[in-house]
Amino acid sequence: MSGYPLPGGRQITGVLTVALGRQLKGGTWAEHPKAKYECLLCRSVEGPVVGAAAVTAFTQTIRITHSTSCHPSSANQQGARAA
């Protein structure tokens, strides 16, 4: 088994985590947006990326860009790793 099984033969193969950040009234960031991707198949982590533009680009392309470098491990995996 690879990924995390769901009904109907589907499976979760990755986790995209996005922190939206916090912007002040003047437009400056108190906390910048962040994103990272964890692949449950090859157990790799991409990111984190920081900043609104970087997070937008990352979230729009990570599924495509990661699939080109994903090499699933031969070990079975039961779900996400603990942080």
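The structure presented is a predicted model; accordingly, all values stated were derived computationally and were not measured.

**Q** What is the right way to look at the pairing of strand β6 (residues 34-39) in this model?
**A** Each regular strand displays side chains that alternate between the two surfaces of the sheet. Examined bridge by bridge, strand β3 (residues 14-19) and β6 share six bridges and lie antiparallel to one another. Bridge pairing links Val15 to Glu38 in β6. Here β6 runs beside strand β7 (residues 45-50); their pairing, made up of four bridges, is antiparallel. Pairing of Glu38 across the sheet is with Val45, part of β7.

**Q** Would you take a moment to explain helix α1 (residues 52-69) for this structure?
**A** Along an α-helix, a turn takes 3.6 residues, which lines up residues three or four apart on a common side. Between its terminal C-alpha atoms α1 stretches 25 Å, which fits the 26 Å expected from 18 residues at 1.5 Å a residue. Of the positions making up α1, those classed as buried are Val55, Phe58, Ile62 and His66.

**Q** Is there a simple way to explain the pattern of salt bridges in this structure?
**A** Close approach of charged atoms lets side chains of opposite charge pair. Counted by the stated rule, this structure contains two salt bridges. Ionic pairing is found between Glu31 and Arg22, a salt bridge with its closest N-O pair at 3.6 Å. Assessed through its relative accessible area of 44%, Glu31 is described here as partly exposed. Glu38 is paired through a salt bridge with Lys36; the nearest N and O atoms lie 3.8 Å apart.

**Q** Can you help me understand the confidence of the model for the chain in this one?
**A** Chain-level statistics for the chain give a pLDDT mean of 84 and a share of 84% at 70 or above. Within the chain, the lowest mean pLDDT, 77, falls on strand β1 (residues 4-5), and the highest, 96, falls on β6.

**Q** Teacher, can you tell me more about unusual backbone geometry here?
**A** Most peptide bonds are trans, and most residues other than glycine sit at a negative phi. Of the consecutive residues Gly47 and Pro48, the connecting peptide bond is found in the cis state with omega at 10 degrees. Mapped onto the elements of the fold, Pro48 is located in strand β7. You will see that Arg43, though not glycine, has its phi angle at about 65 degrees, which is positive. On the basis of relative accessibility, which here comes to 37%, the residue Arg43 falls in the partly exposed class.

**Q** It is not clear to me how the nonpolar core should be interpreted in this structure. Could you clarify?
**A** Counting 10 residues, the largest nonpolar core is built from Ala35, Tyr37, Cys39, Leu41, Cys42, Val49, Val55, Phe58, Ile62 and Cys70. Elements with a minimum of two residues in this core: β6 and α1. In this view, Ala35 contacts Thr17, Val18, Gly47, Pro48, Val49, Val55, Phe58 and Thr59; residues no more than four positions away in its chain are not counted.

**Q** Help me understand the sheet that holds β6 in this model?
**A** Two modes of strand pairing occur in sheets, parallel and antiparallel, and in both the strands are linked by backbone hydrogen bonds. Read across the open sheet, the three strands follow the order β3-β6-β7; overall the sheet is antiparallel. Either end of the sheet is taken by a strand with one partner, and the two such strands are β3 and β7. Within the sheet, the average angular offset between the axes of one strand and its neighbour, ignoring direction, is 5 degrees.

Analysis parameters
- Residue numbers here run from 1 along each chain, matching the order of that chain's written sequence.
- With pLDDT at 70 or above as the cut-off, local features in this predicted model cover only qualifying residues; side-chain atom pairs require 80 or more to be listed or tallied, and sums for whole chains, interfaces and linings still use all residues.
- Only hydrogens and water are removed before side-chain values are computed, so all heavy atoms of the structure are retained for them.
- At least two DSSP bridges between two strands are required for those strands to pair.
- Only DSSP runs of H or I reaching four residues or more are called helices, and only runs of E reaching two or more are called strands; each is numbered from the N terminus.
- An expected span of 1.5 Å times one less than the residue number is assigned to each helix.
- Burial here depends on accessible area, computed with a 1.4 Å probe over protein chains only, as a share of the maximum for the residue type. Under 20% is buried, over 50% is exposed, and the range in between is partly exposed.
- Any Lys or Arg side-chain nitrogen located within 4 Å of an Asp or Glu carboxyl oxygen qualifies as a salt bridge.
- Per-residue confidence from the predictor is reported as pLDDT, which spans 0 to 100.
- By convention a nonpolar core is built from buried Ala, Val, Leu, Ile, Met, Phe, Trp, Tyr and Cys residues, the set being connected through side-chain atoms within 4.5 Å.
- Residue contacts follow a heavy-atom distance rule, with two residues in contact if any of their heavy atoms lie within 4.5 Å.
- Helix axes are fitted to C-alpha atoms over the stretch in contact, other axes to C-alpha atoms as well, and angles between N-to-C directions run from 0 to 180 degrees.

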